[in-house]
Amino acid sequence: MDGGRDEPLIVVDGANVVGSVPDGWWRDRRGAATRLRDALAARDAAALPPPLLGAVTLVVEGAARGVPPVAGVHVEDAPRSGDDHIVALVADNVGHRPVVVVTADRELRERVRELGAGIVSPGELRASIPYGGRRDSI
């Protein structure tokens, strides 16, 4: 995983963020996850709000699996449920570094908050990176 043990970890719920942009992602889930990965890699750290500063791990699931990592973005294929994989990542990291999860999924938000993670919405993330052809939030 990217970053040191003290560097904050930003876990991105790929399916949830991709699904927040109605750009035809459902026709090519891996392509949509790749576009998100590339936008995360192109992020300008100076333009990011503090909760989004840290090592980025993009979690992909289902038909989006197989997206390779790039410099600045670690990609993990969830073997089953993306939400369960994100919860496991949070549980493994929250004891020794700050963790923020990017998702709008209410159940997932509850699960990771109980473990001590912070939450950022997909709209807040998209307002800070060049994803979806626009930089506004929903």
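Predicted, not measured: the structure shown is a model, and the values here were computed from it.

**Q** Kindly report on the nonpolar core, identifying the contributing residues and their values.
**A** Judged by nonpolar contacts, the single largest core of 26 residues is most densely connected at Val12, Leu36 and Leu40. For this core, the elements supplying multiple residues, two or more each, are β1 (9-13), α1 (14-18), α2 (29-41), β2 (55-60), β3 (73-77) and β4 (99-102). Per element, the largest residue contribution to this core is 5 residues, and it comes from α2. The contacts of Val12, once residues within four sequence positions are left out, are Val17, Leu36, Leu40, Val56, Thr57, Leu58, Val59, Val102 and Leu125. Ala78, Val90, Leu108 and Ile119 belong to the second largest nonpolar core, which has 14 residues in total.

**Q** Can you explain α2? Please cite residues and give values.
**A** Owing to its 3.6 residues per turn, the α-helix brings residues three or four apart onto one side. Along its 13 residues, α2 runs 18 Å from first to last C-alpha, staying within 8% of the 18 Å computed at 1.5 Å per residue. When α2 is considered as a whole, its buried residues turn out to be Gly31, Ala32, Ala33, Leu36, Arg37, Ala39 and Leu40. Among the structural elements, β1, α1, β2, β3 and α5 (122-126) are those in contact with the buried residues of α2.

**Q** Give me the lowdown on the sheet that holds β3, citing residues and values where you can.
**A** Strand-to-strand pairing in sheets goes through backbone hydrogen bonds, with the strands running parallel or antiparallel. The strand order β3-β2-β1-β4-β5 describes an open sheet built from 5 strands, whose pairing is parallel. The open sheet terminates on both sides in strands that have one partner only, identified here as β3 and β5 (118-120). If you compare each strand with its neighbour and ignore which way they point, the axes differ by 25 degrees on average. One ladder, built from 3 bridges, connects β4 with β5; its direction is parallel. Pairing of Val102 across the sheet is with Val120, part of β5.

Calculation rules
- Residues numbered from 1 in each chain as written.
- Predicted model: local features only at pLDDT ≥ 70, side-chain atom pairs only at ≥ 80, totals over all residues.
- Heavy atoms only, no water.
- Core = buried A, V, L, I, M, F, W, Y, C linked by side-chain atoms within 4.5 Å.
- Buried < 20%, exposed > 50% of the residue type's maximum accessible area, 1.4 Å probe, protein only.
- Helix = DSSP H or I, 4+ residues; strand = E, 2+ residues; numbered from the N terminus.
- Contact = heavy atoms within 4.5 Å.
- Expected span 1.5 Å × (residues − 1).
- Pairing = 2+ DSSP bridges.
- Axes fitted to C-alpha atoms, helices over the stretch in contact; angles between N-to-C directions.

Don't take any of this as a statement about function, it's just geometry.
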